[in-house]
Amino acid sequence: MVLAKKYNFKEVEEKWMKDWEKSGIYKFQINSQKKIYSLDIPPPTISGKLHMGHAFGDSLQDFFVRFKRMNGFNILNPFGTDNNGLPTLRLIEKEKNVDSKSMSREKFIELCNKTIKEEFIPMFLKDAKRLGISADWDLFYSTIDERSRRISQESFIDLYKKGREYRIESPSLWCTECQTTIAQVELEDKEFSSFFNDIKFNVDGKDLVIATTRPELLSACVAVFYNPIDKRYKKLKGKMAKVPLFGFEVPIMEDEKVDLEKGTGIVMCCTFGDQTDMEWQKKYKLPIKEAISKDGKLTKISGKYEGLKVEVARKKIIEDLKQEKLLLNQKQINHAVNTHERCGHPVEIITSKQWFIKYLDLKKDMIKWGKEVEWYPSHMKNRYDNWIKGLQWDWSISRQIPFGIPFPVWYCKDCDEVILADEKQLPVDPLVDKPNIKQCKKCKGKEFIPEKDIMNTWATSALTPSIVKDLLKGTPAYDKIKNKPFSVRRSGHDIITFWNFNTIVKSNLHYGKKPWEELLINGWILGKDGKKMSKSRGNVISPQETLDGFGADPLRYLSASAKLGDDVSFSEQELQNGKKLVTKLWNASKFSLMHLEDYKDEKIKLEAIDKGILSKFNFLIKEISESFENYEASKARMILEMFFWGQFCDNYLEIAKDRLYNPDIRGIKERKSAQYTLNYILTNTLKLFAPIIPFITEEIFVNGFNNSDSIHISSWPKHFTKLKDESNEKVWERFVEILSFVRQEKSKQNKSLKEEIVLILPRKDKELLLECIEDLKAVTKAKDILNGRELEVKL
RNA sequence: GGACCCAUGGUCUAGUGGUUAUGACGACUCGUUUACACCGAGUAAAUCGCAGGUUCGAUUCCUGCUGGGUCCACCA
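Residues numbered from 1 in each chain as written. Chains lettered and ligands numbered in written order. Predicted model: local features only at pLDDT ≥ 70, side-chain atom pairs only at ≥ 80, totals over all residues. Heavy atoms only, no water.

Asks: Help me understand the overall build of chain A, please; the structure alone is not making it clear to me.
Replies: For chain A, the count of helices and strands is 23 helices and 29 strands. Relative to the globule expectation of 28 Å for 795 residues, the C-alpha radius of gyration of chain A, 35 Å, shows a markedly less compact shape. Looking at chain A residue by residue over its 795 residues, the buried ones come to 57%. With an accessible surface of roughly 36,100 Å², chain A has 49% of that area assigned to carbon and sulfur atoms. (Helix = DSSP H or I, 4+ residues; strand = E, 2+ residues; numbered from the N terminus. Rg over C-alpha atoms; globule rule 2.2 N^0.38 Å. Buried < 20%, exposed > 50% of the residue type's maximum accessible area, 1.4 Å probe, protein only. Areas by Shrake-Rupley, 256 points an atom, 1.4 Å probe, with all protein chains shown as cover.)

Listed below in structure tokens is the structure:
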């Protein structure tokens, strides 16, 4: 079929997007005997729309998925969305104008599920499909759906039975804004401007000056510390210090953690101002005094400041200190404060009853588990190792928000015994459902209190391998995958310590094996300015506008411009280059097809030049395949593009023209040889490009070359062995060199490329010229050859 | 404070223990309209961040430094 004069990406992409879905070519084949290549995809957090980060990461992943599919693998590529926990809660509250606190959990989950299913997911999927992601859309999960709730609760019960979970009253990181416990991973440093206040304590009637940024915690002061090597304070050992404004006394103690340089070299320990305070409280068995309540207000022990918000209380206390002449000095400083990354609010340490997964004892194993997975690029594993080395807390999984997956737990009202749900009743909501037992095993109590908390999102997200496997339960394929790690997971480097780490941990705790064989870590797509895209910088570009303006292929082309793990700056130029490549492919195909109408696949003798370029191409197929194999799509793209554009289009097509247009002069044999070469290189170039730019390649392959099946389920080009003679490749390379030399000389002599020129070539080229002179003459408008001492050629 | 990544023509980038160091964009000089002006040819443009070391030979390997980025910890 002859291709249209111009390529209309909008029409074509829309058409194939629908066609692929209808024909189901990307579906996992449950009955197939083919080798399985499975992906455990990290579900994107639904924030309504697909953003550039998704588009970038998903494209990278799709390159390899398509490559593997064409290499005969049965692809298990599900699609999921993360709709669990706080971000979703916030989004639904905003979109639906509701307050989750005033609804029942059941009702709210129902609303979430409905909104997610009917509004967010369809919009998200549409964008992903437009991008050409070759997922199996039927294998879909959401991290809040019934299956995920069940699996997450099963996980909890399993870990509890394995003795890996405990619930204790413990100081934990608490966000007073979101009213929930948060985990170490959810912290983010933020610079705040604040005051370093020199405050007068009193020891034996004398002043003892202590610097603090948090005077509102004075009422929770339980000790003051100095460094044992600090001679200034040695004499204070064992004495008591009187806390200003509050008047109670606390012991003065030594600890080498105290920084001599900071402030006055003496520090107050409040339960709890920071992590060091917690350590000291534990180490010296200090009392616990709570100055701040869960809603961020001061408590009873703060006396007249009770009920004030932290920031307000701080100001008030400073005022009072000033008044009483207890404030010596105030220094403005900028300091980093731990904040909750979701809301940006400073985090407090507050005591409450929380569930933990015990894993601090497993650091060595965790490092070992990390080694069992193949990391691409390998240096990304350092982040994983580094994270483990820095771990200081067990994994706190309780969250005090209404939306999420509940703990499958009740407590005996009389003895507080933990009562687990029966695995058969999962998923369960203890607020609604009742335990399967009638009385407490321990004390025979008959009343049970449901756990109100829900599990942290990551506790569920870390189970995506189990969730995906569960999707296939009951199919013939299930047995093949159930006990095997997935082939690969791909994720951004920002979530190594969230998703990847937690998934590795849970997989090993539950099943004693790694979750995947390979882990691909991609970088970020940055704004045009090379900085992270953010609303405040105003450098955000939506994939939707790029898809509208350029199409999916150029956007994917852009995604293939950097090594795996490297960041890519969004570049209009690169998008333009992608678009030009699409056009070039279209035009080169249009031209070739014009001359291939009578082409028959028959045995022919190839011309020397044709053998040459085919031999070169053959070698490149090998290199390109290896690049894809090693997850180096950018390398594959580069090699292929250079060959296609610089060699095939710029040189070979020009050589072929004379033979194609003038078969009566050049001969039928020569024409057929050119046709063979054109057909071969073009067909295979389309295949090699197909993983990266699936739309244009599909259009040409199916409609131009009249193939009945999709290019995406065609077989990957093999590098053939017929032309294994390396000298063929040399012929092509030397031919191009001579071509280039001729052009150079003409340019130097200011002659048109059409004009003739007399040149001296080395004798060693004689053989080559004898074979290829007609092609050389055709492409350089040569008229004759002259023989001299050297090889004189009139071209 | 700990860890990691990066540094190559004006810009973006490939790559290697010995190469005339790759390509693209941009610049300049030409050409072309029978696939393509979203084209082609040619030219100029890089002492491969700095300083040492290993080596017959370093842009490439090692050490240190500088600059940029990222993660982690601390932050009274």
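What follows picks up the thread again.
Asks: What should I look at first to understand empty space enclosed by the protein in this one?
Replies: In this approach, a probe sized like a water molecule rolls over the atoms, and the result shows the empty space that is left. Evaluation of the coordinates by the stated rule reveals six cavities of 30 Å³ or more. In this model, the second largest cavity occupies a volume close to 90 Å³. The wall of the second largest cavity is formed by 14 residues, among which Leu86, Glu186, Arg399, Asn456 and Thr457 lie closest to the centre. Counting residues per element, the ones that place at least two in the lining of the second largest cavity are helix H3 (85-96) and strand S22 (454-455). Here the lining of the second largest cavity takes three residues from H3, the largest share from any one element. Across the lining of the second largest cavity, the residue classes tally to six nonpolar, five polar and three charged. (1 Å grid on protein atoms, 1.4 Å probe; cavity = no way out; pocket = protein on both sides within 12 Å on 5 of 7 lines; lining within 4 Å. Points joined across faces, edges and corners; volume = space filled by probe spheres on them. Nonpolar A, V, L, I, M, F, W, Y, C, P; charged D, E, K, R; others polar.)

Asks: When you look at the sheet that holds strand S20 (residues 418-420) in this model, what are you seeing that I'm missing?
Replies: As a general point, the strands of a sheet are linked pairwise by backbone hydrogen bonds and lie either parallel or antiparallel. The sheet built from three strands is open, its strands ordered S20-S19-S21 with antiparallel pairing. Each of the sheet's edge strands pairs with one partner strand only, and the pair in question is S20 and strand S21 (448-450). Between one strand axis and the next, the sheet turns by 35 degrees as a mean value, whatever way the strands run. Note that strand S19 (residues 409-412) and S20 share three bridges and pair antiparallel. Looking at the pairing, Trp410 lines up with Ile419 of S20. Its contacts with the sheet place helix H5 (residues 146-161) against S19 and S20, and it is angled at close to 130 degrees to S20. (Pairing = 2+ DSSP bridges. Axes fitted to C-alpha atoms, helices over the stretch in contact; angles between N-to-C directions. Contact = heavy atoms within 4.5 Å.)

Asks: Would you mind showing me how to read the nonpolar core here?
Replies: A general feature of soluble globular proteins is that nonpolar side chains tend to end up buried together. Among the nonpolar cores identified, the biggest contains 202 residues, and Met366, Phe628 and Phe648 are the most heavily contacted of them. With 13 residues, the single largest contributor to this core is helix H18 (residues 633-661). Setting aside its immediate chain neighbours within four residues, Phe628 contacts Phe63, Phe64, Phe67, Ala633, Ala636, Leu688, Pro691, Ile692 and Trp716. In this structure, Cys270, Leu298, Ala313 and Leu321 belong to the second largest nonpolar core, which totals 33 residues. (Core = buried A, V, L, I, M, F, W, Y, C linked by side-chain atoms within 4.5 Å.)

Asks: Where do I start with the layout of surface pockets in this structure?
Replies: Quantified by volume, the second largest pocket comes out at close to 610 Å³. Secondary-structure elements contributing two or more residues to the lining of the second largest pocket are H3, strand S5 (165-175) and strand S14 (347-357). Here the element with the most residues in the lining of the second largest pocket is H3; it accounts for four residues. Of the residues assigned to the lining of the second largest pocket, the class counts are nine nonpolar, six polar and eleven charged.

Asks: What is the right way to look at the pattern of salt bridges in this model?
Replies: Two side chains that carry opposite charge are able to pair once their charged atoms sit near each other. Tallied over the entire structure, the rule returns 53 salt bridges. Measuring nitrogen to oxygen at the nearest pair gives 2.3 Å for the salt bridge that ties Lys27 to Asp138. With Lys27 in the loop between helix H1 (9-23) and strand S1 (36-38) and Asp138 in the loop between helix H4 (105-130) and strand S4 (140-142), this pair connects stretches of sequence that are 111 residues apart. Overall, the relative accessible area of 35% leaves Lys27 in the partly exposed class. Between Asp416 and Lys353 there is a salt bridge, with the nearest N and O atoms lying 2.9 Å from each other. With Asp416 in the loop between S19 and S20 and Lys353 in strand S14, this pair connects stretches of sequence that are 63 residues apart. In this structure Lys353 comes out as partly exposed when scored by relative accessible area, which is 34%. It is possible to trace a salt-bridge network through shared partners that takes in Arg147, Arg150, Glu154, Asp470 and Lys473. (Salt bridge = Lys/Arg side-chain N within 4 Å of Asp/Glu carboxyl O.)

Asks: I tried to follow the confidence of the model for chain A on my own but got confused; where do I start?
Replies: Segments scoring low in pLDDT should not have their predicted coordinates read at a detailed level. On average, residues of chain A score 89 in pLDDT, and 96% of them are at 70 or above. Considering only residues more than four positions removed or in separate chains, one finds that residues 785-790, a stretch of pLDDT under 50, has 15 contacts. This complex was scored by the predictor with a pTM of 0.88 and an ipTM of 0.95. (pLDDT = per-residue confidence, 0-100.)

Asks: Looking at this structure, I do not really get the protein's contact with RNA strand B. What am I missing?
Replies: Around RNA strand B lies a shell of 48 residues, among which Thr212, Asp259, Val267, Thr583 and Tyr661 are the nearest. A distance of 3.3 Å separates a phosphate oxygen of RNA strand B from a polar atom in the side chain of Asp274. At a separation of 3.4 Å, a sugar or linking oxygen of RNA strand B approaches a polar side-chain atom of Gln573. Considering every element that reaches the surface near RNA strand B, the biggest residue donor is helix H16 (residues 572-594), with eleven residues. Broken down by class, the residue content of the surface near RNA strand B amounts to 15 nonpolar, 18 polar and 15 charged. (Near = heavy atom within 4 Å. Polar contact = N/O pair within 3.5 Å; in protein donor to acceptor, adjacent residues only side chain to side chain.)

Asks: Is there a simple way to think about the sheet that holds S14 in this case?
Replies: Strand order across the open sheet formed by four strands is S6-S5-S14-S16, with antiparallel pairing between neighbours. Taken across any chain shown, the strands that pair with only one partner, and hence form the sheet edges, are strand S6 (180-181) and strand S16 (395-396). The pairing of S14 with S16 spans two bridges and is classified as antiparallel. Counted as the bridge partner of Phe356 is Ser396 from S16.

Asks: For this particular structure, what's the right way to read helix H17 (residues 608-629)?
Replies: An α-helix turns once per 3.6 residues; consequently, residues spaced three or four apart project the same way. Taking 1.5 Å of rise per residue, 22 residues should cover 32 Å, and H17 covers 32 Å from first to last C-alpha, within 8% of that figure. Burial analysis of H17 places 16 of its 22 residues in the buried class, which makes it a mostly covered element. Directly beyond the C-terminal end of H17, a positive phi value near 60 degrees is found at Tyr631. (Expected span 1.5 Å × (residues − 1).)

Asks: For this particular structure, what's the right way to read unusual backbone geometry?
Replies: Glycine aside, residues mostly have negative phi, and peptide bonds are mostly found in the trans state. Following Thr271, the chain continues into Phe272 via a peptide bond in cis, with omega recorded as 0 degrees. Tracing the backbone through its elements, the reader meets Phe272 in the loop between strand S12 (266-270) and helix H6 (275-283). Of note, the bond from Leu426 into Pro427 is cis; its omega dihedral lies within 30 degrees of zero at -5 degrees. Take Pro427: it is sitting in the loop between S20 and S21. Although it is not a glycine, Lys285 adopts a positive phi angle of roughly 50 degrees. Note on placement: Lys285 falls in the loop between H6 and helix H7 (310-323). On the basis of relative accessible area, Lys285 is assigned to the exposed category, the value being 72%.

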